[in-house]
Amino acid sequence: MGTTVLPSPRLEQDLLGAIPVLTDNALARTLGVRVAFTGREGGVSDGCYGALNLGNHVNDDPAAVAENVARAARALGADPTEVLVANQVHGTRIVAVRDSGPAALQTARAEAAAGADGFLVTVPGALALLCFADCTPVILVSPSGSFAVAHAGWRGCVGGIASAAARALAEADQVSPAALNVYIGPHIGPCCFEVGDEVAVRFRDAFGPACVEGDGRHVSMAAAIAADLASAGIDGRRIVSAGVCTQCHPDRYFSYRASGGVCGRHGALAYRSER
């Protein structure tokens, strides 16, 4: 397993169906794995949820959310019945999906509904979707085509969810963590992510001083996650970040802070088709 050498990771703006995304087209061509970070465009929701809200927990019209999720699934080449979502709880639990088919997907959905912030998928035919509005999306891909999608809020980040996902993926595929590609999606940047002294200390203690910038209270989630991944053996040259601050660009991405807490959710998605 895992003999393919992945192309160097990159994120480029593209249109999948009618949905603008950040994606890696070379990865999709080489491996059949499509990773995508959505924004606000391409959906049917109105108002503060407009337009591609993928979160079903923010008081948006459930029919609109279902249509948005279906559009996103089809854009990645998946059937909407293959979508996996989670009740995200800002923790470090990762649900593993090692079998395909309706029964296996339903089991994974039930596990994720109990509270989870990541999926590890080792089979084709399962689309992992996690939702964001300032927190940090992380997608990891193995040379075999297995992948993990993780939701790194600050608690999950300090708890090591990124490194846990990397270790789990490498172990599942029996490959070196250095062979994995890592994609960090749009999230709140250090320009805007000001935290209290206690939280800043936790980041410095966990990941070193480089992840806390400026006055010592502005956290770089990308730097913290990179340090966490390095502890798991990830090659830094295999990490690419979107480099977009969601709070600075609320016209393009949902931002909990910019909106005062009432907004939709954009997504991090990964899917492997049968080849």
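Anything mentioned here points back to the structure above.
Before going into details, it helps to say that this report is about the structure given with it. (Residues numbered from 1 in each chain as written. Predicted model: local features only at pLDDT ≥ 70, side-chain atom pairs only at ≥ 80, totals over all residues. Heavy atoms only, no water.)

**Remarks on the environment of Val 195**
By the element assignment, Val 195 lies in the loop between strand E10 (181–184) and helix H6 (197–207). It is 25 Å that separates the C-alpha atoms of Val 195 and Asn 87, two residues lying 108 residues apart in sequence. With near-sequence residues (within four places) excluded, Val 195 lies in contact with Ala 200, Arg 217 and Val 219. (Helix = DSSP H or I, 4+ residues; strand = E, 2+ residues; numbered from the N terminus. Contact = heavy atoms within 4.5 Å.)

**Structural notes on the pattern of salt bridges**
What the rule picks out here adds up to five salt bridges. Put simply, Arg 10 and Glu 12 hold a salt bridge, and the shortest N to O gap is 3.9 Å. Residue Arg 10 is classed as partly exposed on the basis of its relative accessible area, which comes to 46%. Ionic pairing is found between Asp 235 and Arg 237, a salt bridge with its closest N-O pair at 3.0 Å. (Salt bridge = Lys/Arg side-chain N within 4 Å of Asp/Glu carboxyl O. Buried < 20%, exposed > 50% of the residue type's maximum accessible area, 1.4 Å probe, protein only.)

**With respect to helix H2 (residues 62–75)**
Taking 1.5 Å of rise per residue, the 14 residues of H2 would be expected to cover 20 Å, and the 20 Å separating its terminal C-alpha atoms lies within 8% of that figure. Turning to H2, its buried residues are Ala 64, Val 65, Asn 68, Val 69, Ala 70, Ala 72, Ala 73 and Ala 75. Those residues of H2 that are buried are in contact with strand E1 (12–16), strand E2 (19–23), strand E4 (83–84), strand E7 (127–132) and strand E14 (266–272). The backbone nitrogen of Ala 63 lies 3.1 Å from a side-chain oxygen of the residue at the head of H2, namely Asp 61. Just downstream of H2 lies Gly 77, where phi reads positive at about 85 degrees. (Expected span 1.5 Å × (residues − 1). Polar contact = N/O pair within 3.5 Å; in protein donor to acceptor, adjacent residues only side chain to side chain.)

**Details of the packing of aromatic side chains**
As enumerated under the stated definition, the model contains one aromatic pair in all. Between Phe 203 and Phe 207, the ring centres sit 6.1 Å apart and the planes meet at 50 degrees, which makes this aromatic pair tilted. Linking Phe 203 with Phe 207, this pair stays in helix H6, spanning four residues, or about one helical turn. With relative accessibility at 0%, the residue Phe 203 sits in the buried group. Residue classification places Phe 207 among the buried residues on the basis of a relative accessible area of 15%. (Phe/Tyr/Trp six-rings, centres within 6.5 Å; stacked < 30°, edge-to-face > 60°.)

**Comments concerning the side chain of Ser 45**
Within the secondary structure, Ser 45 is located in the loop between strand E3 (33–38) and H2. What makes Ser 45 buried here is its relative accessible area of 6%. Side chain to side chain, Ser 45 and Asp 60 meet in a polar contact 2.6 Å long. Residues within four places of Ser 45 in sequence aside, it is in contact with Gly 50, Ala 51, Asn 53, Asp 60, Ala 64 and Asn 68.

**Brief notes about the sheet that holds E4**
In space, the six strands of this open sheet follow the order E1-E2-E3-E14-E7-E4, with mixed pairing throughout. The sheet is open, and its two borders are formed by E1 and E4, each paired with just one other strand. Here E2 runs beside E3; their pairing, made up of three bridges, is antiparallel. Following the sheet pairing, Val 21 is matched in E3 by Thr 38. Strands E1, E2, E4, E7 and E14 of the sheet are contacted by H2, whose axis makes an angle of about 55 degrees with E2. (Pairing = 2+ DSSP bridges. Axes fitted to C-alpha atoms, helices over the stretch in contact; angles between N-to-C directions.)

**Structural notes on the packing of helix H5 (residues 161–173) against helix H7 (residues 221–231)**
Two elements in contact, H5 and H7, have axes whose closest approach is 8 Å; the angle formed by their N-to-C orientations is 35 degrees. For the pair H5 and H7, the sense of crossing is right-handed. Only Ile 225, Asp 228, Leu 229 and Ser 231 of H7 make contact with H5, whose side of the interface consists of Ile 161, Ala 162, Ser 163, Ala 166 and Arg 167. Along the lines of polarity and charge, the residues of the contact of H5 with H7 split into five nonpolar, two polar and two charged. (Left-handed = near helix turned anticlockwise from the far one by under 90°. Nonpolar A, V, L, I, M, F, W, Y, C, P; charged D, E, K, R; others polar.)

**Quick notes on the pairing of strand E5 (residues 94–97)**
Side chains Val 95 and Val 97 project from E5 onto a buried face, and the interleaved Ile 94 and Ala 96 project onto a face without burial. Note that E5 and strand E6 (residues 118–121) share four bridges and pair parallel. Bridge pairing in E6 links Val 97 to Val 121. Taken together, E5, helix H3 (residues 102–113) and E6 form a β-α-β motif whose crossover is right-handed. (Right-handed = clockwise from strand over helix to strand, strands pointing away.)

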